[in-house]
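# Working through the structure, step by step
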Amino acid sequence: MKNIKLLLAGTVAALAFAGSAAHAERGSDGDLKIIFWQAVSTLNPFLSGGTKEVYSSSMVIEPLARYDEKGELVPTLVTEIPTLENGGVAKDLLSMTWKLKPDLKWSDGTAFTAADVIFTWKYCTAPDGGCAQAAQYEGVKNVEAPDPLTVKITFEEPKPYPYSAFVGAQSPIIQAAQFKDCVGAKAPGCTSANFGPIGTGPFVVKDFKPNDVVTFVANKNYRDSAKPAFASVTLKGGGDAPSAARAVLETGEYDYAWNVQVEPEILATMVAAGKGHLETAFGTNVERINLNWYNADPKLGDKRSTKEAGPHPSLSDPAVRRALSLAIDREIIDEAGYGDAGKPTCNIVPAPEAVTSTKNDSWCLKQDIEGANKLLEDAGWKKGPDGIRAKNGVRLSYLYSTSTNSVRQATQELVKDMWSQIGVQAELRNASASVFFGGDPASPDTFQKFYADVEMYTNNFDGTDPEKYLAEWLCDKVPGPANGWQGQNIPRYCNPEYDKLVGELSKTADLDKRHELSKRLNDMLTEEGAHIPLIHRGNPSAASNSVAGIKMNAWDSELWNVADWSRKK
Amino acid sequence: MFTYTLRRLLFAIPTLLVISFVIFALLDLAPSDPTGDLPLTIPPEVREQIRASLGLDQPFLIRYMKWLQQFFINEPINIFESLTGWQVGDGQRMRVLSWATRSPVVDLIVQRMPQTLWVVGLAYLFGILIAIPIGVISAYKQYSIFDQIGTFISMVGYSVPTFFTGVVLIVIFSSYLQWFPSVYDTNLQVTNVSTFLAQMRQMVLPVAVLALYNASQITRFVRASMLDNLHQDYVRTARAKGVKEKAVLLIHVLRNSLIPVVTVIALGVPTIFSGAIITEQIFRVNGLGQLLITAVQGADIPLVQTLTFIFAVLIVLFNLIADVLYGILDPRIRYD
């Protein structure tokens, strides 16, 4: 009798234990099926730079610190984030020191040391390597290891915001032992290393079929012995965004689909099937219309959109630029093309909250056809017999280009209609994305050449600090034949006042002051009409209702916390 | 016949060289850029370095010569090495590298070949097996109900594009009836009966779509060719001699009718290798067609160049084979 009681108690205890432990056991939840409609080409993000490669490899290789879903830095392979306060960042802003977590292991069981971090820097900055993430190491003079658990980075000049190298999904650490013979021009030759990097992350590459499917299994040496909950991950690629969304939301064949940029009404019917839901994270993507400050008249031939072409005959008038913005109803564009995955905005820096300005929301977020018409009328732009405004023979008729994409073409139509209400004509044009964003200096259709009066696309910045991004509108970054059309100041905006403020930002270390300056720069761009910000775009992904722990992140890889994902019981 | 074949083969060499140059030049002139798909957060200087590391900073002719050397000298030596295990030189030589994956193009093709051969090849085989009996019966019983239905189905199969039939079959058999999967599992390995059945199940839909399309085309050829022959004098003679109807049809008429059909079938073989681009994309079969389309989208020029050139080689080769077969099958045709 006594024995039976004991046995029963034991069983109950065991059951209770099993019940609570079921959630916290490595590999207990089977296979996680992820679908990326753009297939993964390589698992070495240094050789590709594409988002799909950065995200997929983030399950395997990790940076020293990464951004969480709120955009705050969290330590991954280090004990704490170095700051001025804790002495991790030097007072002169010329160096910073990272302390690695002790006893960290690579998935092959060897020790993770500062030498691997130094190697990663050397690998990505080696000449002839063509490292896609080289910009992360900009301004880094040296990386050294005073001891095996300490990494010291020295900068060429004071760096008020030093979190770039080894921070975020774009800058993970690779194993020195695996890649030592793959530096520089030899990098592409190491196919097995590029297809199966050894990492510190929760998963290990088991099999990789390029441009098709990746199979991962749980990392036996992962630092948290209870994670990951999934024993394996299958990451399938190919197809298109709607069918990827369908595989998660309707048929339930997959658990997670990345980047399901599909028209809102189609997504709504899929979600109604009840198998999954949408997860949207808002990062820094802003769909904008750039206004060309230089003359883009085709008669000018090769000179158009360059300094020699001179200022734009009508867009150089501030009243016209303001009126074009006032005429646009951002709500309608958002509703038609973006739904929950977009918000109307008047800022080029739409997030994080600390640097988001609200100064121009009052006049800019609301459509004001009357106000726009009055503005143009007062500036002397009179309607002609065809309803198009003109002054001194210059008509308000614009070539409006963008990349080929059904949402963009629908937006073009809407904007064209809105502009027609203020007597502005738009001729629509679109070019294939690989041409438009291709940057081929011989092609007339690239967004850098800007052989159009206005053009529309999305851009963003990595991480949470907008300094580098705001520096894109400097006078000397205007693309032109002299720099092979390489320059990020696409609108050809140039204001010495703006340049001075950017210089000030690059010297300011105080966070509050930095935020203040960033807001002022952002406001200048909107007020002066370098561009017309339209939509703050989120990253929409589809997730199965059976997966728990997903924390959608726009500041880092979407799969940043895949170690914490589990199957709902 | 032998000297004719030899002459044609020798003549194929300059033809193929010209083709390879035209493909290379066309791809070079096309305004696409391998860094075009990268996020805009990657600055222009870095893009320039990436292009340089891909060899894009070199002049056109040098890049073409390099490709010729890699494709015609280095890759065959590599294949020779992996087949025999012997090493030629130090084993270090530039191979044709894909820009997107940075791995050898030939390895990618070898990896994709089996799926294409299985799915598209099987569909071609089934297409032929279905087409010939239907074509024969349709012609023999011209304007009968069977002929009318056969004609109708083959017209539908021929004129409705595979991207439509594919999606229709998915909606019916995957979404509604749930008999067959809509996504091809490329990780499936056939080890026992159940995995073999799973492999069969996932091949049913793509094979059915392509077989319908292939069969429709070939049926029309078989039927037309049979009709031509059925009214020939030798058929009447055979019948007058008292040869059985079955023998007349299957021995006299069918054999003669197959001569042009065999040519058509041989000329169609290269399309097996080029894959059924659309069908592979719809069912996510990782075959050559899907490889080509992702390469085109990602401006992966070396991969597009190599694949299209291999297809060109196959087309030239199978044209020759069709001609030779024609000569063998039809004694009236002599090339020498």
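Residues numbered from 1 in each chain as written. Chains lettered and ligands numbered in written order. Predicted model: local features only at pLDDT ≥ 70, side-chain atom pairs only at ≥ 80, totals over all residues.

Turning our attention to the sheet that holds strand β4 (residues 95–99) of chain A. All names here are of chain A. Across the sheet, which stays open at both edges, the 3 strands sit in the order β4-β6-β5 with antiparallel pairing between neighbours. Edge positions in the sheet fall to β4 and β5 (140–144), since each of these pairs with one other strand and no more. Mean inter-strand twist for the sheet, computed between neighbouring axes without regard to direction, equals 15°. Pairing of β4 with strand β6 (residues 150–155) involves 5 bridges; the strand directions are antiparallel. Within β6, the position partnered with S95 by the bridge is T154. Docked against the sheet, helix α4 (residues 114–125) engages β5 and β6, running at close to 155° with respect to β5. (Pairing = 2+ DSSP bridges. Helix = DSSP H or I, 4+ residues; strand = E, 2+ residues; numbered from the N terminus. Axes fitted to C-alpha atoms, helices over the stretch in contact; angles between N-to-C directions. Contact = placed C-beta atoms within 7 Å.)

Note on helix geometry: an α-helix contains 3.6 residues per turn, so any two residues three or four positions apart are oriented the same way. Residue and element names in this part refer to chain B. End to end, helix α12 (residues 301–329) covers 41 Å across 29 residues, agreeing with the expected 42 Å (1.5 Å per residue, within 8%). Among all positions of α12, only I301, P302, L303, V304, Q305, T306, L307, T308 and F318 are buried. Looking at the buried residues of α12, the elements they touch are α1 (2–29), α3 (60–84), α4 (105–140), α9 (245–273) and α11 (288–297). (Expected span 1.5 Å × (residues − 1). Buried ≥ 20, exposed ≤ 12 C-beta atoms within 10 Å, placed from the backbone.)

With that settled, consider the sheet that holds strand β14 (residues 389–391) of chain A. Residue and element names in this part refer to chain A. If you trace the 3 strands from one edge of the open sheet to the other, you get β13-β14-β15, paired in antiparallel fashion. Looking at strand neighbours, the two that pair on one side only are β13 (382–383) and β15 (394–395), the edges of this open sheet. For β14 and β15, the ladder comprises 2 bridges, and the chain directions are antiparallel. What sits directly across from K391, in β15, is V394.

Take unusual backbone geometry next. Each neighbour pair has its own omega, and for K227 of chain A with P228 of chain A the value is -5°, a cis peptide bond. Here P228 of chain A is to be found in the loop between β8 (213–218) and β9 (232–237). Residue P352 of chain A is bonded to the preceding A351 of chain A through a cis peptide linkage, with omega at -5°. On the secondary structure map, P352 of chain A appears in the loop between β12 (342–344) and α11 (361–364). One non-glycine residue, F166 of chain A, adopts positive backbone phi at about 65°. Relative to the assigned elements, F166 of chain A resides in the loop between β6 and α5 (176–179). Despite not being glycine, A299 of chain B shows a phi value in the positive range, around 55°. Tracing the backbone shows A299 of chain B in the loop between α11 and α12. Taking the C-beta count within 10 Å as the criterion, A299 of chain B has 23 such neighbours and is therefore assigned buried.

I35, A245, V248 and A257 of chain A are the most contacted members of the largest nonpolar core, which totals 151 residues. Per-element tally for this core: the top contributor is α4 of chain B, with 12 residues. Listed in part, the 58 residues of the second largest apolar core include A296, V349, A426 and F436 of chain A. (Core = buried A, V, L, I, M, F, W, Y, C linked by C-beta atoms within 7 Å.)

This brings us to the UniProt feature "domain: Solute-binding protein family" (unreviewed entry) in chain A. Under the feature "domain: Solute-binding protein family" (unreviewed entry), the UniProt entry names residues 88–474 of chain A. A helix fraction of 24% and a strand fraction of 22% characterise residues 88–474 of chain A, whose end C-alpha atoms lie 32 Å from each other. (UniProt positions renumbered as here; feature names shortened; annotations may be inferred.)

This brings us to the UniProt feature "transmembrane region" (unreviewed entry) in chain B. Residue and element names in this part refer to chain B. Sites flagged by UniProt as "transmembrane region" (unreviewed entry) map to residues 117–140, 152–176, 196–216, 258–283 and 303–329. For residues 117–140, the end-to-end C-alpha separation is 34 Å, with 100% helix and 0% strand making up the annotated structure. A helix fraction of 100% and a strand fraction of 0% characterise residues 303–329, whose end C-alpha atoms lie 38 Å from each other.

All names here are of chain A. We note that the domain assignment places domain 1 (2–241 + 540–567) and domain 2 (285–464 + 524–537) within chain A. Distance between the C-alpha centres of domain 1 and domain 2: 39 Å. Domain 1 puts 7 residues into the contact, and the matching count from domain 2 is 5 residues. A breakdown of the residues in the side of domain 1 that touches domain 2 according to their chemical character gives 4 nonpolar, 3 polar and no charged. (Domains from an automatic or database assignment. Nonpolar A, V, L, I, M, F, W, Y, C, P; charged D, E, K, R; others polar.)

What follows is about the domain arrangement of chain B. All names here are of chain B. Assigned domains within chain B: domain 1 (2–84) and domain 2 (111–329). Placing a centre on the C-alpha atoms of domain 1 and another on those of domain 2 gives a separation of 31 Å. Counting residues at the interface gives 17 residues for domain 1, matched by 14 residues for domain 2. Those elements that provide at least two residues to the side of domain 1 that touches domain 2 are α1 and α3. Considering every element that reaches the side of domain 1 that touches domain 2, the biggest residue donor is α1, with 10 residues. A breakdown of the residues in the side of domain 1 that touches domain 2 according to their chemical character gives 9 nonpolar, 5 polar and 3 charged.

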